[in-house]
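Survey of secondary and tertiary structure
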Amino acid sequence: MLELSISEGRVTQFSFSGLACHRTSAVTCGSTLEGSYFETVTVPWSELAMTRTSTCIYHFFVLSWYIFLNCYISQQGEDRRKSKVFLNGGQWKYLTFLNLFLQALFYGVACLEDVLKRAKGKKDIKFITAFRDLLFTTLAFPISAFVFLSFWILFLYDRELVYPKALDGIFPVWLNHAMHTSILPFSLAEVILRPHCYPLKKKGLTLLAVASLAYVSRVLWIYSETGTWVYPVFAKLSPVGLAAFFSLSYIFSVGIYLFGEKLNHWKWGDTMQPRKKRK
């Protein structure tokens, strides 16, 4: 059996009891025990194993899906008619395709961690778990949510600004939804299935800012070299409008990051909050 000691909704201690198995470890993540009350919750080992197995299967399924999408889209570049979409910068000029690659990378790391934890019988593989959490919290979740929200807001307002109607004859409808719709439900399911330790806000927002600046720089570089914008909406804006658009986009992504942190806290409590340095 698995016994969990909970302090004000936070897991502070757990122990396994069963045949030849007993282990205790503290998990505080910056929380204190002062003025706390304790409650013991007993969880059958079979339920814990089932949860881990389900999560492992889910990660493998989503990884396979994203690998399929990346391979399928890459093959479209060989079609002369479809390859025109990838002129002046290739498929990697689009944030949509960069996000698909990022999601495949994240779920690949998640699957690797699942396999290693089962093979070594450990609760966490420190380096891989830390990298998995950093990748998801600062990039995978914010960017997938940003792509979903920004695409459909612009699409519903005027689809010619982001996904011209002519593309319907090039890319099937299911692919459009695979690239721009299903990405958010997958990320939300990841939040629900497994807790993620968020870094300190300064570190997390800095990494997000670096990624945003890198993409904006690439968009501007492509325009300076080819004279064409990655997305039609940019051609409608003045230099001042572009600066405002990019600034608001970053602010929007910061809001998504903070929402993801709150969502993780709502689901999992303080157990996965960043540890603050004590003076």
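Residues numbered from 1 in each chain as written. Predicted model: local features only at pLDDT ≥ 70, side-chain atom pairs only at ≥ 80, totals over all residues. Heavy atoms only, no water.

The name that an unreviewed UniProt entry assigns to the protein chain is Androgen-dependent TFPI-regulating protein isoform X1, with the source organism given as Neophocaena asiaeorientalis asiaeorientalis. Quoted verbatim from the Sequence similarities (unreviewed entry) heading of the UniProt record, the comment on the protein chain is "Belongs to the AIG1 family." (UniProt positions renumbered as here; feature names shortened; annotations may be inferred.)

**Considering the overall build of the protein chain**
Looking only at helices and strands, the protein chain has nine helices and four strands in total. Burial status across the protein chain gives 43% buried among its 279 residues. If you take every contact in the protein chain between residues at least 6 apart in sequence, the share linking residues at least 24 apart comes to 74%. Total accessible area on the protein chain is roughly 15,700 Å²; 67% of this is exposed by carbon and sulfur atoms. (Helix = DSSP H or I, 4+ residues; strand = E, 2+ residues; numbered from the N terminus. Buried < 20%, exposed > 50% of the residue type's maximum accessible area, 1.4 Å probe, protein only. Contact = heavy atoms within 4.5 Å. Areas by Shrake-Rupley, 256 points an atom, 1.4 Å probe, with all protein chains shown as cover.)

**Notes on the packing of helix α4 (residues 126–158) against helix α6 (residues 183–193)**
Put simply, α4 and α6 touch, their axes get as near as 8 Å, and they point 145 degrees apart. Crossing angle aside, the handedness with which α4 passes α6 is left-handed. Packed against α4, whose contacting residues are F136, A140, F141, S144, A145, V147 and F148, the element α6 presents I183, L184, S187, L188, E190 and V191 at the interface. Across the contact of α4 with α6, the residue classes tally to ten nonpolar, two polar and one charged. (Axes fitted to C-alpha atoms, helices over the stretch in contact; angles between N-to-C directions. Left-handed = near helix turned anticlockwise from the far one by under 90°. Nonpolar A, V, L, I, M, F, W, Y, C, P; charged D, E, K, R; others polar.)

**As for the UniProt feature "transmembrane region" (unreviewed entry) in the protein chain**
Feature annotation in UniProt places "transmembrane region" (unreviewed entry) on residues 56–75, 95–113, 134–154, 174–193, 205–223 and 243–260, given in this structure's numbering. Helix makes up 100% of residues 95–113 and strand 0%, and the two end C-alpha atoms of the span are 27 Å apart. Within the segment residues 243–260, helix and strand shares are 100% and 0% respectively, and the terminal C-alpha atoms sit 26 Å apart.

**Focus on the packing of α6 against helix α9 (residues 239–268)**
Where α6 contacts α9, the two axes come as close as 9 Å, and the packing angle between them is 40 degrees. Between α6 and α9, the interaxial angle falls into the category oblique. Between α6, through L188, V191, I192 and L193, and α9, the contact on the second element is made entirely by L263, N264, K267 and W268. Its residues assigned to classes, the contact of α6 with α9 shows six nonpolar, one polar and one charged. (Parallel < 35°, antiparallel > 145°, perpendicular 65-115°, else oblique.)

**Here we look at helix α7 (residues 201–226)**
Compared with an ideal rise of 1.5 Å per residue, which puts 26 residues at 38 Å, α7 spans 37 Å between its outermost C-alpha atoms and is within 8% of the ideal. Along α7, the residues that are buried comprise G204, L208, Y215, V216, V219 and I222. The secondary structure elements touched by the buried residues of α7 are α3 (95–120), α4, α8 (232–235) and α9. Downstream of α7 by one or two residues, G227 has phi in the positive range, about 80 degrees. (Expected span 1.5 Å × (residues − 1).)

**As for the pattern of salt bridges**
A full pass over the atoms with the stated rule returns seven salt bridges. Of the charged contacts, one joins R194 and E113 as a salt bridge, the two residues approaching to 2.8 Å between their closest N and O atoms. Residue R194 is located in the loop between α6 and α7, and its partner E113 is located in helix α3; the two are separated by 81 residues in the primary sequence. Salt-bridge contacts for D133 lead to R132; the nearest nitrogen and oxygen are separated by 2.5 Å. The exposure classification of D133 matches that of R132, with both residues buried. The network of salt bridges with shared partners includes E113, D114, K117, R132, D133 and R194. (Salt bridge = Lys/Arg side-chain N within 4 Å of Asp/Glu carboxyl O.)

**Considerations on the nonpolar core**
Among the nonpolar cores identified, the biggest contains 60 residues, and Y66, L100, Y107, F171, Y231 and F234 are the most heavily contacted of them. Broken down by secondary-structure element, the contributors of at least two residues to this core are α1 (45–76), α3, α4, α5 (173–180), α6, α7, α8 and α9. Here this core takes 15 residues from α4, the largest share from any one element. (Core = buried A, V, L, I, M, F, W, Y, C linked by side-chain atoms within 4.5 Å.)

**Comments concerning the side chain of N176**
Counting through the fold element by element, N176 comes out in helix α5. Accessibility expressed as a relative area gives 6% for N176, which makes it buried. In this structure the side chain of N176 is engaged in a polar contact, spanning 2.7 Å, whose partner is the side chain of H180. Those residues within four positions of N176 in sequence are excluded, and the remaining contacts are F151, W152, Y163 and T181. (Polar contact = N/O pair within 3.5 Å; in protein donor to acceptor, adjacent residues only side chain to side chain.)

**Considering the packing of aromatic side chains**
Using the criterion set out here, one finds 26 aromatic pairs in the structure. Considering the side-chain rings of Y58 and Y107, the 6.3 Å spacing of their centres and the 75 degrees angle between planes classify their relative orientation as edge-to-face. Of this pair, Y58 sits in helix α1 while Y107 sits in helix α3, and the two are 49 residues apart along the sequence. The exposure class assigned to Y107 is buried, which follows from its relative accessible area of 0%. When the ring centre of W268 is taken as origin, the NZ or CZ atom of K267, which lies over that ring, is 5.4 Å away. (Phe/Tyr/Trp six-rings, centres within 6.5 Å; stacked < 30°, edge-to-face > 60°. Lys NZ or Arg CZ within 6 Å of the ring centre and 35° of its normal.)

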